[in-house]
Amino acid sequence: MRPAARAPRVGFVSLGCPKALVDSERILTHLRAEGYEVAPTYEAADIVVVNTCGFIDAAVDESLDAIGEALEHNGRVIVTGCLGARPQRILERHPRVLKVTGPHAYEDVVGAVHEHLPPRHDPFFDLLPPQGVRLTPRHYAYLKVAEGCNNKCSFCIIPAMRGRLASRRIDEVLREAERLVAAGVKELLVISQDTSAYGSDIRYAPGAWRGASYQTRFIDLARGLAELGAWVRLHYVYPYPHVDEVIPLMAARRVLPYLDVPFQHGSPAVLKRMRRPAHSENTLKRIGAWRAQCPDLTIRSTFIVGFPGETDGEFAQLLAWLDEAQLDRVGCFKYSPVEGAAANALPGHVAPQLQEERYARFMERAAAISRRRLAQRVGRHMRVLVDTVADGTATARSDRWRGADRRCGERARRRLGRGADRGRG
């Protein structure tokens, strides 16, 4: 039993991509507003919340291990996040958890905490910073503009776990961004499952901000954020034709000349089997047009090799596409089945050894392209944001280059402690 004199303490483990991190920030902001403290260790916590990832099998295993670790060291555990959409997977292995909720179920998580660890009767709203609790450093923050996804990619189960696209109104998003910048944020990283589809689910609802009218759509989002004077970096943008409208803003440095575009493959046949949106678009032509308008544009992407049915010829198409696209930075997954994904039923699954060989060849080619493009910038002066300084060496990012951000399936683990308790990361 905790002493009556002190505030209740919640331990928090956050797994997965930036979208899950934003979910954790929202839950912690709510709990901190009610007077809960964030415990730095399992032993110091009265209860532990584990925000899980469940996109690929390795992420499921890590989430289940994290739940087990929390149960071992604390014993009182609430589980939320993407894996929570499949509660049977959790309860089969860990029947002692107190509650399981799905992704972005903020009220359910807070309600479960209330049930098992009641709050004080006098929440200290005045102690909560105006930007809320953040788990990133002071100088950058993730800005999530939508939940869920309407795409039906055959290898993905995100719509089943996180639901259909649910965009936030643009005035709400711009007000949050304004608060973040006022609190000292220098870089806003715009995220969702499909940022280019922003607002389509709510018919591009109108909104007002700073005396001007906006619509809840991708280009108005970029224009509004450009008014804040912070760096704005756009992530998870599909190559739809209307994305062309943002390139002039990048050329004028209103938003950063940077796009994170999940191309996934270069073979039209493979993209069709993947059921990728915009798979019929001429992406190489579009990339060329973007760079003609904004020569300094940096493009990051991720790809899948060894997708079911991928032939030697289709893999060769991918390498040829990569050679022509000349992307600045890429990541790559070896295809693995995901429980509930339609791609599991496709014929022609690629042997693991061949997947490994193709992965190595792809990454070798991508690294060579990246080195050449970076070499072109040697000797240039760039404005940077400094992340850390240690032993006389600064680690920084430029307006055109950033370390890889984690997507669904790319795992990050955070045990949250004192930094989160102070409203910062």
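Parameters at a glance
- Numbering of residues starts from 1 in each chain and follows the order in which that chain's sequence is written.
- A pLDDT threshold of at least 70 governs which residues receive local features in this predicted model, and a stricter bar of 80 or more applies before side-chain atom pairs are shown or counted, although totals over entire chains, interfaces and linings include all residues.
- Here the side-chain values reflect all heavy atoms present in the structure, with hydrogen atoms and water set aside.
- Numbering goes from the N terminus for both helices and strands, where a helix is a DSSP run of H or I of at least four residues and a strand is a run of E of at least two.
- Buried means the residue's accessible area, taken with a 1.4 Å probe over protein chains only, is under 20% of the maximum for its type, while exposed means over 50%, and partly exposed covers the values in between.
- Here the accessible surface of atoms and residues is derived via Shrake-Rupley with a 1.4 Å probe, and residues count as covered only by protein chains that are part of the display.
- A pair of strands is treated as paired once DSSP finds two or more bridges between them.
- Whenever a carboxyl oxygen of Asp or Glu lies within 4 Å of a side-chain nitrogen of Lys or Arg, that contact is scored as a salt bridge.
- Think of it this way: a Phe, Tyr or Trp ring, Trp meaning its six-membered ring, pairs with another when their centres are within 6.5 Å, and the plane angle makes it stacked under 30 degrees, edge-to-face over 60, tilted otherwise.
- In this scheme, Lys NZ or Arg CZ marks a charge over a ring once it lies within 6 Å of the ring centre and within 35 degrees of the ring normal.
- The contact rule is simple, with two residues in contact once any of their heavy atoms fall within 4.5 Å.
- Every residue is assigned a pLDDT by the predictor, reflecting its confidence on a scale from 0 to 100.
- Axes here mean lines fitted to C-alpha atoms, for a helix over just the part in contact, with angles spanning 0 to 180 degrees between N-to-C directions.
- Here roughly perpendicular refers to angles of 65 to 115 degrees, roughly parallel to angles under 35, roughly antiparallel to angles over 145, and oblique to all remaining angles.
- Each crossing is labelled by how the near helix is turned from the far one, with a counterclockwise turn of less than a right angle marking it left-handed and a clockwise turn marking it right-handed.
- Polar here means any residue outside two lists: the nonpolar Ala, Val, Leu, Ile, Met, Phe, Trp, Tyr, Cys and Pro, and the charged Asp, Glu, Lys and Arg; Gly therefore counts as polar.

Along the protein, the regular secondary structure elements total 13 helices and 18 strands. Evaluated residue by residue, the protein yields a buried proportion of 55% over its 425 residues. Accessible area of the protein: about 18200 Å², with a carbon and sulfur share of 51%.

Attention now moves to the pairing of strand β4 (residues 77–81). Burial analysis of β4 places 5 of its 5 residues in the buried class, the great majority of the element. Judged by which residues are buried, β4 turns out to be covered on both faces: Val-77, Val-79 and Gly-81 on one side and Ile-78 and Thr-80 on the other are all buried. Here strand β3 (residues 47–52) pairs with β4 via 5 bridges, running parallel. Its bridge partner being in β4, Val-49 is matched across the sheet by Ile-78.

Attention now moves to the pattern of salt bridges. Scanning the model with the defined rule gives 32 salt bridges in all. The shortest N-O distance in the salt bridge between Glu-147 and Lys-144 comes to 3.1 Å. Given a relative accessible area of 12%, Glu-147 falls into the buried group. Under the relative-accessibility criterion, Lys-144 is labelled buried at 1%. With its nearest N and O atoms 2.6 Å apart, the salt bridge here joins Asp-323 to Arg-365. Taken together, the positions of Asp-323 in helix α11 (residues 312–325) and Arg-365 in helix α12 (residues 352–375) put the pair 42 residues apart, joining distant regions of the chain. Note on Asp-323: relative accessible area 32%, which makes it partly exposed. Judged by its relative accessible area of 30%, Arg-365 is partly exposed. Salt bridges sharing partners connect three or more residues here, namely Asp-23, Arg-26, Lys-144, Glu-147 and Arg-162.

It is worth spelling out the packing of aromatic side chains at this point. Tallied over the entire structure, the rule returns 8 aromatic pairs. Ring centres of Phe-303 and Trp-321 lie 5.8 Å apart, and the angle between their planes is 65 degrees; on these two criteria the pair is classed as edge-to-face. Taken as a pair, Phe-303 in strand β14 (residues 298–305) and Trp-321 in helix α11 lie far apart in primary sequence, 18 residues in all. Here a set of aromatic residues connected by ring pairs shows up, and it is made of Phe-263, Phe-303, Trp-321 and Phe-362. Over the face of the ring belonging to Tyr-359 we find Lys-334, whose NZ or CZ atom lies 5.0 Å from the ring centre. Between the NZ or CZ atom of Arg-397 and the centre of the ring of Tyr-140, over which it lies, the distance is 4.4 Å.

We now examine the side chain of Asp-23. Inspection of the secondary structure puts Asp-23 in helix α1 (residues 18–33). Dropping the residues within four chain positions of it, Asp-23 is found in contact with Asn-51, His-104, Tyr-106, Lys-144, Glu-147 and Arg-162.

Confidence along the protein averages 87 in pLDDT terms, with 88% of residues attaining 70 or more. Confidence drops under a pLDDT of 50 for residues 121–128, and excluding neighbours within four residues, the segment shows 10 contacts in the predicted structure. Note that pLDDT drops below 50 for residues 404–425; the model gives that stretch 95 contacts with residues more than four away or on any other chain.

Running from N to C, helix α10 (residues 283–293) and α11 point in directions that differ by 10 degrees, and their axes come no closer than 10 Å. On the basis of the axis angle, α10 is roughly parallel to α11. As α10 runs across α11, the sense of the crossing is right-handed. Contact residues: Thr-283, Leu-284, Ile-287 and Arg-291 in α10; Trp-321, Glu-324 and Ala-325 in α11. Its residues assigned to classes, the contact of α10 with α11 comprises 4 nonpolar, 1 polar and 2 charged.

Here the focus is helix α7 (residues 218–226). Of all 9 residues in α7, 8 are buried, a share of seventy percent or more. Regarding α7, the residues found buried are Phe-218, Ile-219, Asp-220, Leu-221, Ala-222, Gly-224, Leu-225 and Ala-226.

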